[in-house]
Amino acid sequence: MTVIYADNNATTAIDPQVTEAMLPYLQDQYFNPSSMYEVARPVANAIEKARESVAHVLGGIEANQILFTSGATESNNAAIFGTAKANRSRNHIITTAVEHPAVLEVCREMERDGYEVTFLSVDRSGRLNMQEFVQALQPDTLMVTIMHGNNETGVIFPVDELARITKETDPAIIFHTDATQSVGKIPLDLTGAFRYVDMLSLSGHKLHGPKGVGALYVKRGTQWRPFIIGGHQENGRRGGTYNVASIVGLGSACDLAREHRDDEKRIAALRDRLEAGILDRVPQVEVNGQDAPRLPNTLNVACHYVEGEGILYQLSALGICASSGSACTSGSLDPSHVLKTMELPFTAIHGSIRFSLSRYTTDAEVDAIIDAFPKVIANLRKMSPYWDTKTNQPR
Ligand code: PMP
């Protein structure tokens, strides 16, 4: 069975050029880059080259502000815990209710530790209320941590604007953004519109790089203390022997993301065609985040009167890989916290499906999804007590 992979917000296929760039460091270039001898020098140089590549994809910032981590989860933990450690006198954090768990759960942990956390809500289209944000800024605010592109809906928050407002209100407040889903998909310029951002998280496996590697940008001068403490790697800012091959892979993935920047338009056109095809052929569906700016590759559709897991199961039988909004956690089918915050009606909250495309997605694959999806939904609705198959409408 041919696989149609439309779950690129979960992870991406590694680019063959990335694998090729990594291979020497899994073979004869095994030296520890921190070693003094001559043969280790090229390995240390490869890490610095990768750092330049990450800096470049973020708008050409100075590379020594990039730390390599084990992924965006670590980057987010380091950003929040490290900021709190360095600024003990402030006690308030602003985030949103729709962050990835790697921010949301860290903020909940901060709450348990006695911090006050404001979880900003979003409207029906996933947008923040700017006035609510401005009102949330307090003299006691330690940091703001707000994601750029949402992993579930693709909704983009105006992080450039939020960071500017934050720093103009109080330059001592530290602004962090989890840009894991945006880096490599759309340009983010930390020397331009995003210059007010103090810290930014990204991850290799979301941009056709390897898993288990990421980066944290910490702007020079930011009041921040290390989170992973150990050896003197990364100038004492992140201990642990360098994951050389993966770091090289991340650098290569960043270079390729810049080379493929123009693919954004083609991917957006494919997504728009998929969206129109589904809206045309399936009654009672809506696009989650329709009225908000969204990542070019992401389509999250809410299908009323069906259940997401059923859709996924049937799509999977046809070789189509997508993702549902609900996560089956500890035996209970909890709807997604993102869609709950967006207040989707109960008839749709369990029936949301995310398709996320990439530069490898083809026209034929989109055609195949447009063909299969209406049949899957019709099949499932046949079984729904809420659905009248005669009128093809809810009862
Ligand atoms: N933040 C966001 C927005 C994500 O989508 C993800 C991955 N799903 C993460 C953080 C965690 O990234 P990693 O897998 O590199 O830890």
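Residues numbered from 1 in each chain as written. Predicted model: local features only at pLDDT ≥ 70, side-chain atom pairs only at ≥ 80, totals over all residues. Heavy atoms only, no water.

## Concerning the sheet that holds strand β8 (residues 214-218)
The strand order across the open sheet formed by 7 strands is β2-β8-β7-β6-β5-β3-β4, and the pairing between neighbours is mixed. Each edge of the open sheet is held by one strand with a lone partner, namely β2 (66-69) and β4 (116-120). The average angle at which neighbouring strand axes cross in this sheet is 20°, direction not considered. Of the strand pairs in this sheet, strand β7 (residues 199-203) and β8 are connected by 5 bridges, and their pairing is antiparallel. (Pairing = 2+ DSSP bridges. Helix = DSSP H or I, 4+ residues; strand = E, 2+ residues; numbered from the N terminus. Axes fitted to C-alpha atoms, helices over the stretch in contact; angles between N-to-C directions.)

## What to know about the pattern of salt bridges
Summed over the entire model, instances satisfying the criterion amount to 24 salt bridges. Between Glu-38 and Arg-41 there is a salt bridge whose closest N-O contact spans 3.6 Å. By relative accessible area, which is 41% here, Arg-41 ends up partly exposed. A salt bridge links Asp-363 to Arg-273; the nearest nitrogen and oxygen atoms lie 3.1 Å apart. Taken together, the positions of Asp-363 in helix α12 (residues 363-382) and Arg-273 in helix α8 (residues 263-281) put the pair 90 residues apart, joining distant regions of the chain. (Salt bridge = Lys/Arg side-chain N within 4 Å of Asp/Glu carboxyl O. Buried < 20%, exposed > 50% of the residue type's maximum accessible area, 1.4 Å probe, protein only.)

## As for helix α2 (residues 41-57)
End to end, α2 covers 25 Å across 17 residues, agreeing with the expected 24 Å (1.5 Å per residue, within 8%). Listing the buried residues of α2 in full gives Val-43, Ala-46, Ile-47, Ala-50, Arg-51, Ser-53, Val-54, Ala-55 and Val-57. Elements that come into contact with the buried residues of α2 comprise α1 (16-26), β2, β7, β8 and α7 (244-259). Looking one or two residues past α2, Gly-59 carries a phi angle of roughly 105°, positive in sign. (Expected span 1.5 Å × (residues − 1). Contact = heavy atoms within 4.5 Å.)

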